[in-house]
Amino acid sequence: MPERIIYSEDHVLHNPPFEIYDGVKDPYAEDPARMTSIVDAIIQAGGVIEPPQQFPDSNLLRVHHPAYIDFLRQRSASLKEGEPFYPSYFILDTYAPMVKGTYDAARASVDVALTGAQAILDGENLVYALCRPPGHHAQNRAMSGYCYFNNASIAADFLSEKGSVAVLDVDLHHGNGTQEAFYERPDVLYSSLHVDPAVKFPYSTGFTDEIGKREGIGFNRNTPLAIGTTDSEYSDALSGEIEYIARFDPKFLVVSLGFDTYDKDPIGAFRLTEPYYRQMGEVIRGLGKPTLLIQEGGYHVEDLGKLAVSFLEGVR
Ligand code: SP5
Ligand code: ZN
């Protein structure tokens, strides 16, 4: 179990009533109950949870456009209780609706990530930032895919002041926002395993030929995997990512940790099993780097806690 696990109750302020798929309203899969599932399982497993500290906006401004941050803050605040706001400028898809509490919840989620990053700088070896809403689809000036502020990018950038950073993204989906944030930087490497974007969200990025730009060439790696990917297929692919990261030899590791790769995930596509997450944790631990875990997706509310604890037992 990580020494420090950071969590803010403010995430409940973000509770959109539905998402839209094919023009039809679906229940919002990024449910606040996701956190309850993980928190309860952690406490039961003997983990101790603490609230985040507050960090200034200067950290967000290094990843997000100021007009975007203002838009999210002001538009959230202007909404009436229970009134949702769906796509327009700044909102890339139908999976990032806003409600009154969205800005406050997303801002607290950044503080959770930055508190975790600060703990790493203070010498902690393993920290779990229980972020909600998640972040890896949030771009410089666009919210998308349940994500508003890019928690992992903001934390990775914060850590990069003190040394090189590798971001390993094991969420089911390609972290298009994180890739974008570091695409031209050689000091922050982004490496992602995800379902083939030709057939699943986010559709437009996550292909193998996206290797970085300018000074960033060679510091971005995408490994798309087929629908139906099993534990052993995933494990083989993960070894490749781990080798790539080990060669880079970063000072810090950030893991964008999604459990939507789970066999039973309601919006999933892979077949990973509960015991496999422990193995995944062990392999990541094998890198031997100070590691900040950032919670991303994972939508099987009932089993999420078990999956998190399985992973934490492996990564320790
Ligand atoms: C952080 C994260 O995991 N974001 C994922 C965003 C994925 N959005 C696409 C979900 C599509 C599910 N809707 C299909 C319902 C069919 N009735
Ligand atoms: Zn995902």
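Predicted model only: the values in this text are computed from it and were never measured.

1. Topic: the environment of L189
Item 1. In this structure, L189 sits in strand β7 (residues 188–195).
Item 2. The spacing of L189 and G218 is 29 residues in sequence and 8.5 Å in space, taken between C-alpha atoms.
Item 3. Setting aside residues no more than four positions away along its own chain, L189 makes contact with V165, A166, V167, F219, Y244, I245 and F248.

2. Observations concerning the coordination of the zinc ion (ligand 2)
When a metal holds four donors in a tetrahedron, each ideal angle between them is 109.5 degrees; when it holds six in an octahedron, the ideal angles are 90 or 180 degrees.
Item 1. Within the first shell, the zinc ion (ligand 2) binds the protein through D171 (OD), H173 (ND1) and D260 (OD), at distances of 1.9 to 2.1 Å.
Item 2. For the zinc ion (ligand 2), the 4 donor atoms in the first shell make angles of 97 to 136° at the metal, so the coordination geometry reads as irregular.
Item 3. For the zinc ion (ligand 2), all donor residues lie on one chain, and their spacing in sequence is D-x1-H-x86-D.

3. Some thoughts on the packing of aromatic side chains
Geometrically, a pair of aromatic rings is defined through the distance of the ring centres and the angle of the planes.
Item 1. Within this structure, the stated rule accounts for 15 aromatic pairs.
Item 2. Plain terms: the ring middles of F55 and F158 are 5.8 Å apart, the flat faces sit at 85° to each other, and that makes the pair edge-to-face. Remark: F158 occurs in helix α5 (residues 151–160) and F55 occurs in the loop between β4 (49–50) and α2 (58–61); sequence separation between them is 103 residues. Here F55 matches F158 in class, with each residue buried.
Item 3. A cation over a ring is seen here: K25 above F18, with NZ or CZ 4.4 Å from the ring centre.
Item 4. Between the NZ or CZ atom of R221 and the centre of the ring of Y244, over which it lies, the distance is 5.3 Å.

4. Let's talk about the nonpolar core
Item 1. With 50 residues, the main nonpolar core has M98, M143, F149, V254, L292 and I294 as its most contacted residues.
Item 2. Elements supplying a minimum of two residues to this core: α3 (66–78), α4 (102–121), β5 (126–129), α5, β6 (165–169), β7, β9 (252–257) and β10 (291–295).
Item 3. The element contributing the most residues to this core is α4, with 9 residues.
Item 4. Contacts of I294, omitting those with residues within four sequence positions, involve A113, A129, C131, N151, A152, A155, V254, V255, S256 and L257.

5. Some thoughts on the pattern of salt bridges
Once the charged atoms of two side chains with opposite charge are near each other, the side chains can pair.
Item 1. Applying the stated criterion across every chain, the model contains 19 salt bridges.
Item 2. Close ionic contact of R73 with D70 constitutes a salt bridge, the shortest N to O distance being 2.9 Å. In this pair, R73 and D70 both sit in helix α3, 3 residues apart, roughly one turn of the helix.
Item 3. Taking the shortest distance from any N to any O, the salt bridge between D249 and K289 comes out at 2.5 Å. Here D249 is found in the loop between α7 (231–248) and β9, whereas its partner K289 is found in the loop between α8 (274–285) and β10, with 40 residues between them in sequence.
Item 4. Since its relative accessible area comes to 47%, D249 is described here as partly exposed.
Item 5. Taken together, the salt bridges that share partners define one network made up of R62, D157, E161, R185 and D187.

Cut-off values and rules
- As a convention, each chain's residues are numbered from 1 in the sequence order in which they are written.
- The naming scheme follows written order: chains are lettered A onward, ligands numbered 1 onward.
- Per-residue local features of the predicted model are confined to residues with pLDDT of at least 70, and side-chain atom pairs are confined, for both listing and counting, to 80 or more; whole-chain, interface and lining totals are unaffected and use all residues.
- As a rule here, side-chain values cover all heavy atoms of the structure and leave hydrogens and water aside.
- Note on conventions: DSSP H or I runs of at least 4 residues are helices, E runs of at least 2 residues are strands, and numbering of each starts at the N terminus.
- In what follows, residue pairs with any heavy atoms lying within 4.5 Å of each other are defined as contacts.
- Donors, by definition, are the N, O and S atoms found within 2.8 Å of a metal, the threshold being 3.2 Å for Na, K and Ca, and water is not counted, so a site can look incomplete.
- Just to be clear on the cut-offs, tetrahedral is four donors with all angles between 85 and 135 degrees, square planar is four donors and octahedral six with opposite donors over 155 degrees apart and all others between 65 and 115, and anything else goes down as irregular.
- When the centres of two rings from Phe, Tyr and Trp lie within 6.5 Å, Trp using its six-membered ring, the rings pair. Their planes under 30 degrees apart give stacked, over 60 give edge-to-face, and anything left gives tilted.
- Residue burial is assigned from relative accessible area. The probe radius is 1.4 Å, only protein chains are included, and a residue is buried under 20% of its type maximum, exposed over 50%, and partly exposed in between.
- Two thresholds decide whether a charge sits over a ring: the Lys NZ or Arg CZ must be within 6 Å of the ring centre and within 35 degrees of the ring normal.
- Residues belong to one nonpolar core when they are buried, are Ala, Val, Leu, Ile, Met, Phe, Trp, Tyr or Cys, and are joined through side-chain atoms within 4.5 Å.
- Salt bridge, as used here: a side-chain nitrogen of Lys or Arg that lies within 4 Å of a carboxyl oxygen of Asp or Glu.

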